[in-house]
Amino acid sequence: TNGVIGLLDDHNAGTTNAPLKIIGSTNFALGGSLFVGNMRTNGFDIRNTRNIELHDLRITQARNGVALLNAVDILLRGLEVSDSTNGVWASSGGDVELRNSRLWRNRQFGYTTSSQMGRRSIQQSTFWGNRLAAVWTDGPVTASNNILVATNDVPLILESGLGSWSGDFNLFGLAPGAVIG
């Protein structure tokens, strides 16, 4: 696919009881649901909307695998985002949950969030080999049961302003010279 893989805006919204769901294939042995971008546009561009769920999708070679702008109540589950500028980029929204996902070998960050309100949660996910850091945040992130590995001498987690990282049962792997935060 060339260009934006999926654009969801204020015309595409779910409700608390019935979120809008995009569900891919769980058959990763045969490739699953793979979306290949063109490096200039976002894979899934979700803006000015709420109650959206993405499940079991593979995204590669996008500007941002998933870009969230002013998006609220978002669940990202079972995503694999690689070889993009950022795996997940979130700004000016709130209540974003990343679960059971793999964000690896992205040119900047696996997960970056700024100006987010509400909950930022990362659960049971793997970050590996993201060039600048696994996570960059300017607000609180709650994380549990994740694997974060730096393959070069960068911080795993970058915090700016009011950024903070809390959670339990996270496994950190560091290359020589790398630090946790």
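This text follows the structure it describes.
Thresholds applied
Residues numbered from 1 in each chain as written. Predicted model: local features only at pLDDT ≥ 70, side-chain atom pairs only at ≥ 80, totals over all residues. Heavy atoms only, no water. Helix = DSSP H or I, 4+ residues; strand = E, 2+ residues; numbered from the N terminus. Rg over C-alpha atoms; globule rule 2.2 N^0.38 Å. Buried < 20%, exposed > 50% of the residue type's maximum accessible area, 1.4 Å probe, protein only. Contact = heavy atoms within 4.5 Å. Areas by Shrake-Rupley, 256 points an atom, 1.4 Å probe, with all protein chains shown as cover. Lys, Arg positive; Asp, Glu negative; His and termini not counted. Charge placed at Lys NZ, Arg CZ, Asp CG, Glu CD. Salt bridge = Lys/Arg side-chain N within 4 Å of Asp/Glu carboxyl O. Pairing = 2+ DSSP bridges. Polar contact = N/O pair within 3.5 Å; in protein donor to acceptor, adjacent residues only side chain to side chain. Core = buried A, V, L, I, M, F, W, Y, C linked by side-chain atoms within 4.5 Å. Axes fitted to C-alpha atoms, helices over the stretch in contact; angles between N-to-C directions.

> How do you make sense of the overall build of the chain when you look at a structure like this?
Within the chain one finds zero helices and 21 strands. Against the globule reference of 16 Å for 181 residues, the chain gives a C-alpha radius of gyration of 15 Å, in line with a compact fold. C-alpha extents for the chain along the principal axes are approximately 45 × 35 × 30 Å. Residues counted as buried form 50% of the 181 residues belonging to the chain. Long-range contacts, defined as pairs at least 24 residues apart, comprise 40% of the intrachain contacts of the chain with a sequence gap of at least 6. Here the chain displays about 8200 Å² of accessible surface, and carbon together with sulfur accounts for 52% of that area. When the 14 basic and 14 acidic side-chain charges of the chain are each reduced to a single mean position, those positions are 5 Å apart.

> For this particular structure, what's the right way to read the pattern of salt bridges?
Pairing is possible between side chains of opposite charge, provided their charged atoms come close. Tallied over the full model, the rule gives eight salt bridges. A salt bridge links R119 to E97, with the shortest nitrogen-to-oxygen separation between them at 3.3 Å. Placement of the pair is R119 in strand 14 (residues 117-123) and E97 in strand 11 (residues 94-99), with a sequence separation of 22 residues. Residue classification places E97 among the buried positions, given a relative accessible area of 17%. If you follow the salt bridges from partner to partner, you end up with R58, E80 and R102 in one network.

> Is there a simple way to think about unusual backbone geometry in this case?
Backbone geometry follows two general trends: most residues other than glycine have a negative phi, and most peptide bonds adopt the trans configuration. In this structure, S92 is a non-glycine residue whose phi angle is positive, near 60°. Despite not being glycine, S115 has its phi angle at roughly 55°, a positive value. Along the chain, the position of S115 falls in the loop between strand 13 (109-114) and strand 14. Residue class for S115 comes out partly exposed when judged on its relative accessible area of 44%.

> Teacher, can you tell me more about the pairing of strand 8 (residues 72-77) here?
Residues in a regular strand point their side chains to alternate faces of the sheet. In this sheet, strand 8 lies alongside strand 5 (residues 50-55) in parallel orientation, the contact comprising five bridges. Considered in strand 8, the bridge of E53 is made with L75. In this sheet, strand 11 lies alongside strand 8 in parallel orientation, the contact comprising five bridges. If you follow I74 over to strand 11, its bridge partner there is V96.

> I tried to follow the side chain of N42 on my own but got confused; where do I start?
The residue N42 is located in the loop between strand 3 (34-36) and strand 4 (44-47) in this model. Polar side-chain contacts of N42 include one of 3.0 Å to the side chain of N64.

> Mind showing me how you'd approach the nonpolar core here?
Generally speaking, nonpolar side chains in soluble globular proteins are found buried as a group. Grouped together as the largest cluster of nonpolar side chains are 34 residues, with contacts concentrated most on I46, V66, L68, L76, I122 and F127. Looking at this core, the elements with two or more residues in it are strand 4, strand 5, strand 7 (64-69), strand 8, strand 10 (86-91), strand 11, strand 16 (133-137) and strand 17 (140-144). Once residues lying within four places of it in the same chain are set aside, the contact partners of F127 are L98, L103, G110, Y111, I122, A134, V135, I147, L148 and V149.

> What is the right way to read the side chain of N64 from this model?
Counting through the fold element by element, N64 comes out in strand 7. N64 has contacts with T41, N42, G43, N86, G87 and W89, leaving out every residue within four places of it along the chain.

> Mind showing me how you'd approach the sheet that holds strand 14 here?
Two strands in a sheet stick together by hydrogen bonds in their backbones, pointing the same way (parallel) or opposite ways (antiparallel). A sheet is described by the order of its strands in space; here seven strands give the open sequence 2-5-8-11-14-17-20, paired in parallel fashion. Taken across any chain shown, the strands that pair with only one partner, and hence form the sheet edges, are strand 2 (20-23) and strand 20 (164-168). Shown here is a sheet whose adjacent strand axes are inclined to one another by a mean of 10°, direction ignored.

> Looking at this structure, how should I read the environment of S121?
Relative to the helices and strands, S121 resides in strand 14. For S121 and R99, which are 22 residues apart along the polypeptide, the C-alpha to C-alpha distance reads 8.2 Å. Here S121 is in contact with V96, E97, L98 and T142, once residues within four sequence places are set aside. Within the local environment of S121, its side chain forms a polar contact with the side chain of Q123, the two groups lying 2.9 Å apart.

Honestly, that's just the spatial picture; any functional story needs more than this.
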